Protein chains: 2
Amino acid sequence: MTIRQDIHNSEIPALCRSCEARHRGVCGALTTDQLVELSRHTTKRKVDPGTVLVSDADTIDSYANVLAGVVKLTKTLPDGRQQIVGLQFAPDFIGRPFKHESSITAEAATPVRVCAFPKKSLDRMIELSPELGHRLHVQALNELDEARDWMLTLGRKTAAERVASFLHLIARHSDPEKELGGEVSFDLPLTRADIADFLGLTIETVSRQLTKLRKDGLIAVENNRHITVFDVARLERRANV
Amino acid sequence: MTIRQDIHNSEIPALCRSCEARHRGVCGALTTDQLVELSRHTTKRKVDPGTVLVSDADTIDSYANVLAGVVKLTKTLPDGRQQIVGLQFAPDFIGRPFKHESSITAEAATPVRVCAFPKKSLDRMIELSPELGHRLHVQALNELDEARDWMLTLGRKTAAERVASFLHLIARHSDPEKELGGEVSFDLPLTRADIADFLGLTIETVSRQLTKLRKDGLIAVENNRHITVFDVARLERRANV
DNA sequence: CGGCTTTGTTGATCCAGGTCAAGGTGTTGC
DNA sequence: GCAACACCTTGACCTGGATCAACAAAGCCG
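Residues numbered from 1 in each chain as written. Chains lettered and ligands numbered in written order. Predicted model: local features only at pLDDT ≥ 70, side-chain atom pairs only at ≥ 80, totals over all residues. Heavy atoms only, no water.

The name recorded for chain A in an unreviewed UniProt entry is CRP/FNR family transcriptional regulator, from Aminobacter aganoensis.

(A) Fine view of the interface of chain A and chain B. Taken together, the contact between chain A and chain B spans 44 residues of the former and 44 residues of the latter. The largest contributions to the chain A side of the interface with chain B come from A:R148, A:M151 and A:R156, which together make up 21% of the buried area. Applying the counting criterion to the chain A and chain B interface returns twelve salt bridges. Counting across the interface, chain A meets chain B through 20 residue pairs in polar contact (both at pLDDT 80 or more). (Contact = heavy atoms within 4.5 Å. Buried area = accessible area lost by both parts, 1.4 Å probe. Salt bridge = Lys/Arg side-chain N within 4 Å of Asp/Glu carboxyl O. Polar contact = N/O pair within 3.5 Å; in protein donor to acceptor, adjacent residues only side chain to side chain.)

(B) Main features of the packing of aromatic side chains. Tallied over the entire structure, the rule returns six aromatic pairs over all chains. Aromatic pair B:W150 and B:F198: ring centres 4.5 Å apart, planes at 10 degrees, arrangement stacked. Taken as a pair, B:W150 in helix 4 (residues 130–156) and B:F198 in helix 6 (residues 192–199) lie far apart in primary sequence, 48 residues in all. Residue class for B:F198 comes out buried when judged on its relative accessible area of 4%. Consider the rings of B:F166 and B:F198, whose centres lie 6.0 Å apart with planes at 75 degrees: the pair is edge-to-face. On the criterion of sequence distance, the pair formed by B:F166 in helix 5 (residues 159–174) and B:F198 in helix 6 is long-range, its members being 32 residues apart. Grouped by ring-pair contacts, the aromatic residues A:W150, A:F166 and A:F198 constitute a single cluster. (Phe/Tyr/Trp six-rings, centres within 6.5 Å; stacked < 30°, edge-to-face > 60°. Helix = DSSP H or I, 4+ residues; strand = E, 2+ residues; numbered from the N terminus. Buried < 20%, exposed > 50% of the residue type's maximum accessible area, 1.4 Å probe, protein only.)

(C) Local environment of the protein's contact with DNA strand C. Taken together, 15 residues lie around DNA strand C, and A:S207, A:T211, B:A159, B:T205 and B:R208 are the ones closest in. In the environment of DNA strand C, a phosphate oxygen lies 2.8 Å from a nitrogen or oxygen atom belonging to the side chain of A:T211. Taken together, the elements giving at least two residues each to the surface near DNA strand C come down to helix 7 (203–215) of chain A together with helix 7 (203–215) of chain B. With four residues, helix 7 of chain A is the largest single contributor of residues to the surface near DNA strand C. Here the residues of the surface near DNA strand C are counted per class, giving two nonpolar, eight polar and five charged. (Near = heavy atom within 4 Å. Nonpolar A, V, L, I, M, F, W, Y, C, P; charged D, E, K, R; others polar.)

(D) Up close: the protein's contact with DNA strand D. If you check the shell around DNA strand D, you find 15 residues, and the closest are A:T205, A:R208, B:R192, B:S207 and B:T211. When the atoms of DNA strand D within 4 Å of the protein are sorted by group, sugar and phosphate make up 65%. At 3.0 Å, a side-chain N or O of B:R208 approaches a base nitrogen of DNA strand D. Take B:N224: an N or O atom from its side chain is 3.4 Å from a sugar or linking oxygen of DNA strand D. For the surface near DNA strand D, the secondary structure elements donating two or more residues are helix 7 of chain A together with helix 7 of chain B. Take the surface near DNA strand D: its biggest share by element is four residues, from helix 7 of chain B. Residue composition of the surface near DNA strand D, grouped by class: two nonpolar, eight polar and five charged.

(E) Molecular detail of the environment of B:R238. Residue and element names in this part refer to chain B. Here R238 lies in helix 8 (residues 232–239). What makes R238 partly exposed here is its relative accessible area of 27%. In this structure, the C-alpha to C-alpha distance between R238 and A160, residues 78 residues apart in sequence, is 7.3 Å. For R238, the residues in contact, after removing those within four places along its chain, are E161, A164, K212, L213, D216 and L218.

(F) Representation of the sheet that holds strand 10 (residues 219–222) of chain A in the model. Residues and elements named next belong to chain A. Strand order in this open sheet of three strands is 9-11-10, and the pairing throughout is antiparallel. Pairing within the sheet leaves two strands with one partner each, and these edge strands are strand 9 (184–187) and strand 10. Across the sheet, the mean angle separating the axes of adjacent strands is 15 degrees when strand polarity is ignored. When strand 9 meets strand 11 (residues 226–229), the two strands line up antiparallel, connected through four bridges. Its bridge partner being in strand 11, D187 is matched across the sheet by H226. (Pairing = 2+ DSSP bridges. Axes fitted to C-alpha atoms, helices over the stretch in contact; angles between N-to-C directions.)

(G) View of empty space enclosed by the protein. Counted by the stated rule, this structure contains five cavities of 30 Å³ or more. Taken as a whole, the largest cavity spans an internal volume of roughly 300 Å³. Looking at the largest cavity, it is lined by 23 residues, and the ones nearest its centre are A:I94, A:G95, A:R96, A:E143 and B:R148. For the lining of the largest cavity, the elements supplying multiple residues, two or more each, are strand 6 (93–94), strand 7 (105–108) and helix 4 (130–156) of chain A together with helix 4 of chain B. (1 Å grid on protein atoms, 1.4 Å probe; cavity = no way out; pocket = protein on both sides within 12 Å on 5 of 7 lines; lining within 4 Å. Points joined across faces, edges and corners; volume = space filled by probe spheres on them.)

(H) Molecular detail of the pattern of salt bridges. Summed over the entire model, instances satisfying the criterion amount to 26 salt bridges over all chains. For A:R81, the salt bridge is made with B:E161, and the minimal N-O distance between the two is 2.7 Å. Separated into two different chains, A:R81 in the loop between strand 4 (70–76) and strand 5 (82–89) and B:E161 in helix 5 make up a pair that spans both. The class for B:E161 is buried, based on a relative accessible area of 9%. Salt-bridge contacts for B:E143 lead to A:R148; the nearest nitrogen and oxygen are separated by 2.9 Å. One end of the pair, B:E143, is in helix 4; the other, A:R148, is in helix 4, on a second chain. When sorted by exposure, B:E143 lands in the same class as A:R148, which is buried. Here the salt bridges share partners, and the residues they tie into one network are A:K72, A:E107 and A:D194.

Following this line, the structure appears as structure tokens:
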């Protein structure tokens, strides 16, 4: 078990309402009865950056929904080389249905709030609720599309294009409601090391490319974290999206 | 419409039996009634290498099952750089449920036999048969696992490791029944150009790495296509699997 | 405050893999 | 038989990004 199951009963109602509010959350697909049943075993947790939520080392017996923050999915070679293979934003689902071990590690990249439930309960609900199964199916297909997009980035783009693609991806998620365009500001949810692991580059190269974007007047950087993109269209051109 | 719907009634029974024989095929999940209904609109096709089955340019209104051969899924940048983001072997399913356009192109890499059906009919069946939806969900999750495995390869492995990983992947698919080990032989389903597009390398680098594996006594190559791996364990060590 | 650690930047150098160029091999059609 | 073509290999050279090294800046804690 990787996600601790400490029950905080007082938090349960709020939790599931907040899941439901987001279209990709799990809870919205259930009837009230099912929600009550599920919430009996549900816990909301706040975790610090670096906390491992799911490890590829052990068997999984819980799922989770991201309520806030960013979770990175990583793979590591025996010699330590690491690759981030996905980023999960609220209200994404974390877990691998229909299997008992995970081939990837899920780790909090920022302070994160998650809503965790035991695998067994949710597996039962998937069988009972086709609507829930359908939602998870749709999320899996979306993640597959994203993974394949990123394969193009990793296999064929230059360092400059990768960094621009990354900023564009974060900008898209920073305010999912708003149509992307003109000037945008956001905080990077990842350190330079994480960005490098996501882009298949080194931290030095990431740093140099960000400096280049800054000197070329495409972005402004404050405190190494807060980014302003002056013209999204120009960034897209650099990213070759 | 990208897959032509020429009906060859005489072939339909054979077709669905052959789908059913393979565990990941679509047809096995349906009742006889549903099979009959579906087969009314089903066509079996033989296509030559290079034939585009699904193009990212147009809207999709058909799905397909691979019966034999290998189909490559590709993405291309405006300037022509290309990346293969997946390989589909029999009896894989091709298509993107719950969406009307595809972000990738599917193209026959070898001579291929496919079993195609109109999107509408299958979409209806997905609604009727939870078992069918479940199968497609499982395949989507498997493809997601494979895509993420490959992201590690593209982002962090050296050319030598990539080529070894590729041979290992093909070896695994060449005889899925058999446990992989000792000496294995198979035909490469891809040209050097395709291999390069799959690995994010150039054809020259792929060629040099194959030569190196040959000179190091790990593999033998006949006619540029037929490969013998003398010791799978040694290949795995090179691939860093 | 000042020392310590973690994180990020910048410069100098190196090398894995890309690019360019030439030639080999096999297949198809006349 | 021999063009014409598609595909693959090999060599010589170049370059984008890695590596190595030094330093700056920002948290953290006594």
